[in-house]
Amino acid sequence: MGTAWDECVIIDLPDLDGVQIVWHPGYAARLLSDSWPVDHGRAYGAAINACADALVGTCKGEDARTAFIAAINEAKIEMLA
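Note that the structure is predicted; figures quoted are calculated from it, not measured. (Residues numbered from 1 in each chain as written. Predicted model: local features only at pLDDT ≥ 70, side-chain atom pairs only at ≥ 80, totals over all residues. Heavy atoms only, no water.)

Contact geometry for helix α2 (residues 42-56) and helix α3 (residues 61-74): axes closest at 8 Å, N-to-C directions at 155 degrees. Classified by the angle between their axes, α2 and α3 sit roughly antiparallel to one another. The two elements α2 and α3 cross, and the hand of that crossing is left-handed. When α2 is examined against α3, the residues R42, A43, Y44, A46, A47, A50, C51 and A54 are found in contact with a partner set consisting of G61, A64, A67, F68, A70, A71 and E74. Of the residues belonging to the contact of α2 with α3, the class tally is 12 nonpolar, 1 polar and 2 charged. (Axes fitted to C-alpha atoms, helices over the stretch in contact; angles between N-to-C directions. Helix = DSSP H or I, 4+ residues; strand = E, 2+ residues; numbered from the N terminus. Parallel < 35°, antiparallel > 145°, perpendicular 65-115°, else oblique. Left-handed = near helix turned anticlockwise from the far one by under 90°. Contact = heavy atoms within 4.5 Å. Nonpolar A, V, L, I, M, F, W, Y, C, P; charged D, E, K, R; others polar.)

Let us look at the state of the cysteines. Note on terminology: disulfide describes a covalent bond linking the sulfur atoms of two cysteines. In this structure the tally under the stated criterion is 0 disulfides. C59 provides the cysteine sulfur closest to C51, a residue in no disulfide bond, and the two sulfurs are 7.9 Å apart. (Disulfide = S-S within 2.5 Å.)

Any aromatic ring pair is given by two values, namely how distant the centres are and how the planes are angled relative to each other. According to the stated counting rule, one finds 2 aromatic pairs in the structure shown. Pairwise contacts between aromatic rings join W5, W36 and F68 into one cluster. (Phe/Tyr/Trp six-rings, centres within 6.5 Å; stacked < 30°, edge-to-face > 60°.)

Before going further, it helps to spend a moment on a nonpolar patch on the surface. A surface patch of nonpolar side chains, about 350 Å² in accessible area, is lined by V19, I21, W23 and L80. By secondary structure assignment, the location of W23 is in the loop between β2 (20-22) and α1 (25-34). Taking the relative accessible area as the measure of exposure, W23 reaches 36% and is therefore partly exposed. (Patch = residues over 30% accessible without salt bridge, like charges linked within 9 Å, V, L, I, M, F, W, Y side chains within 5 Å. Areas by Shrake-Rupley, 256 points an atom, 1.4 Å probe, with all protein chains shown as cover. Salt bridge = Lys/Arg side-chain N within 4 Å of Asp/Glu carboxyl O. Buried < 20%, exposed > 50% of the residue type's maximum accessible area, 1.4 Å probe, protein only.)

These results come straight from atomic positions and should not be treated as a statement about function.
Right, here's the structure in full:
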C-alpha cells in the first residue's frame, strides 16, 4: 500500500457511505479508480500516476498526497481534513 502519509485526508464521496479516511497512496489510488465521481481531468490523471508511482517507490508519498488533494479540489469533493 505504500508508506503511510504523515497526515490523513478525510473526504466525503457521494457514492460511498460515510467519510473516507485516507492514509496511504494505495487506498487513494483505489478510491480514484473505483469511486471517483469523475474519471478525467489533469489533476485526476496526475493523482492516479503519483499514487501508483508512490506504491512502487518512484514518487514520494507526500507528493502523492499533494496530487490526491489537487484531484479532490478539481472534482469539488468535500474535504474534511
